[in-house]
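# Structural description and commentary
Here are the chains, one letter per residue:
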Amino acid sequence: MGQLSLWQQSYLLLGSLVGVLMTMSGGAIAQPHATATDLLPLHPNPDPLYLPSRADQVKIDLDRPLTLNEALELARRNNRQLQILEAQLQQSRAVLRQAKAALYPTLSLQLGINRTDSAAIRLQNAQLPPPLRVDSTSNTWTSTVQLGYNIFTAGQRDGNIKAAQEQVRNAELDLQRELEQLRQEVTNGYYNIQQAEALVRIAEAAVQNSQVSLRDAIARERAGLGTQFDVLTAQVQLANNQQQLVQAQSQLQTAQRQLAQLLSLNDKANVRAADPIRVVGEWTLSLEESIALALRNRVELEQQLTQRNAALQQRRVALANLRPQLVAGGSFNTLDSLTDDRAPRWGYTVGGQLNWTLFDGGVSRASAAQQESNAAIAEAQYAAFRNLIRFQVEQAYYTLKSSQENIRTNEVAVRQATEGLRLARLRFQAGVGTQAEVSSAEAALVQAQSNLLNATVEYNRAIAALQRFVSGLPLSPQGTVTP
C-alpha cells in the first residue's frame, strides 16, 4: 500500500473493514440509483396544515436507502425553513413594488347619483299658494376625476425605494445563506447515519466475536483446560458488547429521525444511508487561501452591508419629514340635474401645495438617530462576522488536518489490532494465553475500528464545513476541492 495515496489506502482499508462486518452480520451495502419519481413516497403531505391524528398515520412502514445527493434534493424541495425564507423574499419584493408606486401619479374617479327631498322647500311651499310652489325633490349626477403627483419629496420617495431594494437583496442573501447552511446540516446528518450504521455493524461483529470467545471458554472449561474465571470474563465481555450494540442501535434511530425531520419526510417514511463510507476528496487550498476566499464569498458579510445601507436610507426618509415637499394636482368634475332639460355643467381645479413641517417635537430627528444607531450596529456586526468567519475556517481546517493524520494512524492500528486478536486466540487455544487477553484484544480491535471510522467521518465533516464556510465550493469529479 506504500505506492497508493492516503485516500486510496483509506478507501480500501475502510471498505474492506465494512465489507467484512457486513458479511459477518449477513447484510449488504445497497447503492440504488433513484429517479425523482422514486423519491415521491418520501415527500410529505402537500397540505402544510395537515395534522395526523391516528397512530397508523405516523407508523413508519417505509424504510428506504438514500444517497447524499438524493437527501440534498429532498431538503431543497421540502425543508420548511427554506419555504419560509422564499415566502419572505416574495414579501420583500412586494414591498419594493409598493415603494416604487410613488414614482407614478395617482388617478382617481368618483361617480355619484343623489336624490334629494328638501325640507326647507317643503316648508316654503306650505306658505305659498299652489301656483308658486316648486318641486322639493331633485336628482343629480356628479363625476370627479382627480390627478395628483408628488413633485418633490426631499428624498423621502427615493429613500423608501432604495431601502426596499436593500431589503430585497438582504432577503435574497438570507435565502442563499439558508441554502448553504441546509446543505451542511443535511450532509452532517447523513454522515451521522453513516457513522451510526457502521458503529452498529462494528458492535454486531464485536458481539459475534464475544460469542465465539464465550463458546471457546466454555469448551475449555468443560475439557478441564480452562477455568470458571475465563468463562465469567467472556460472559462479562459479551454483556458489555451487547450493551454497546443496543446503544449504537439507539443512536442510529435518533440520527435517522433527525435527518427525516430536516428533510420534512413523509410521516411514515424512514431512511438509511446508501452511500459507502469513504473520504470524499482532498482540500487543495491552503489555510490562507481558504480564509481569503471565505471573506470574499460569505453572504453574511454582504447581509450586514445591506442592513447598513437600508438603515442609512431610512435615516434619509426620517429627515425628509422636516424638509419642504411639493405636491401638484388637479381635478375635473361635472354636475347634471336629472330633473331639468339643461345640459350638464363642468368645472376643474388645478394647483399645487407646499408642505413643510417646521417643528414636530423632535420625532423625525429621533427616528434618524435610531437609524444611525442601526447602521453603526451593522458595521460592528460586519467586523464581528469577519472575525468569526476566519475562526470558522481555521477550526475546520485544523480539524481536517488532524483527521487526515488520524486516518493514517488508525489504518495501522486496525491492522495491528486485527493481528493482535488473531494471536490472542491462538495463544488461548494453545493454552498459553488467557481469556482476559482475548477480551482485551477484542476491545482493542473494536476501539481501533471505531477510531478509523470516526476519523474518516470527521474528515468528511471538515470538508463539508470548509465548503460551507467558503460559501459552498463543490467537489470536482477528481475528488478535489477547487475555487
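What you see is a predicted model, and the numbers here were worked out from it, not measured in a lab.

Another point: the overall build of the protein. Within the protein one finds ten helices and eight strands. Scored against the burial criterion, the 483 residues of the protein give a buried share of 41%. Intrachain contacts of the protein at a sequence separation of at least 6 include 84% that bridge at least 24 residues. Approximately 26,700 Å² of the protein is accessible, and the part contributed by carbon and sulfur atoms is 54%.

The next subject is the pattern of salt bridges. A full pass over the atoms with the stated rule returns 24 salt bridges. Among the ionic pairs, Asp-117 bridges to Arg-122, the shortest N-O distance being 2.9 Å. Given the relative accessible area of 40%, Asp-117 is considered partly exposed. Arg-427 is the salt-bridge partner of Glu-437, the closest N and O atoms lying 3.5 Å from each other. Taken as a pair, Glu-437 in helix α10 (residues 435-469) and Arg-427 in helix α9 (residues 363-430) lie far apart in primary sequence, ten residues in all. The exposure class assigned to Arg-427 is partly exposed, which follows from its relative accessible area of 38%. In the salt-bridge network here, residues are joined through shared partners; they are Arg-93, Arg-169, Glu-172 and Glu-302.

The strand order β2-β3-β6-β7 describes an open sheet built from four strands, whose pairing is antiparallel. Single-partner strands in this sheet number two, and they are β2 (106-117) and β7 (345-355). Pairwise comparison of adjacent strand axes, ignoring direction, gives a mean angle of 15 degrees for this sheet. For β2 and strand β3 (residues 137-152), the ladder comprises twelve bridges, and the chain directions are antiparallel. Considered in β3, the bridge of Ile-113 is made with Trp-141.

With respect to the element layout, Asp-336 can be found in strand β6 (residues 325-337). Judged by relative accessible area, Asp-336 falls into the buried class, the value being 17%. For the pair Asp-336 and Asn-139, spaced 197 residues apart in the sequence, the C-alpha separation amounts to 8.5 Å. Excluding residues that lie within four positions of it along the chain, Asp-336 makes contacts with Asn-139, Thr-140, Trp-141, Arg-342, Ala-343 and Pro-344.

The next point concerns the pairing of β6. Inspection of the sheet shows β3 paired to β6 by twelve bridges, in the antiparallel sense. Bridge pairing links Gly-148 to Gly-329 in β6. As judged from the eleven bridges shared by β6 and β7, these two strands associate in the antiparallel manner. Residue pairing for β7: Leu-335 is matched across the bridge by Arg-345.

On to the confidence of the model for the protein. The predicted coordinates ought not to be read in detail in places where the model reports low pLDDT. Model confidence for the protein is summarised by a mean pLDDT of 85, while 90% of its residues fall at 70 or above. When mean pLDDT is taken per element in the protein, helix α3 (residues 80-100) scores highest with 94 and helix α1 (residues 6-24) scores lowest with 40. Overall, residues 1-33 carries pLDDT values under 50, and its contacts beyond four positions in sequence, including any with other chains, amount to 49 contacts.

How each quantity is defined
- Residues numbered from 1 in each chain as written.
- Predicted model: local features only at pLDDT ≥ 70, side-chain atom pairs only at ≥ 80, totals over all residues.
- Heavy atoms only, no water.
- Helix = DSSP H or I, 4+ residues; strand = E, 2+ residues; numbered from the N terminus.
- Buried < 20%, exposed > 50% of the residue type's maximum accessible area, 1.4 Å probe, protein only.
- Contact = heavy atoms within 4.5 Å.
- Areas by Shrake-Rupley, 256 points an atom, 1.4 Å probe, with all protein chains shown as cover.
- Salt bridge = Lys/Arg side-chain N within 4 Å of Asp/Glu carboxyl O.
- Pairing = 2+ DSSP bridges.
- Axes fitted to C-alpha atoms, helices over the stretch in contact; angles between N-to-C directions.
- pLDDT = per-residue confidence, 0-100.

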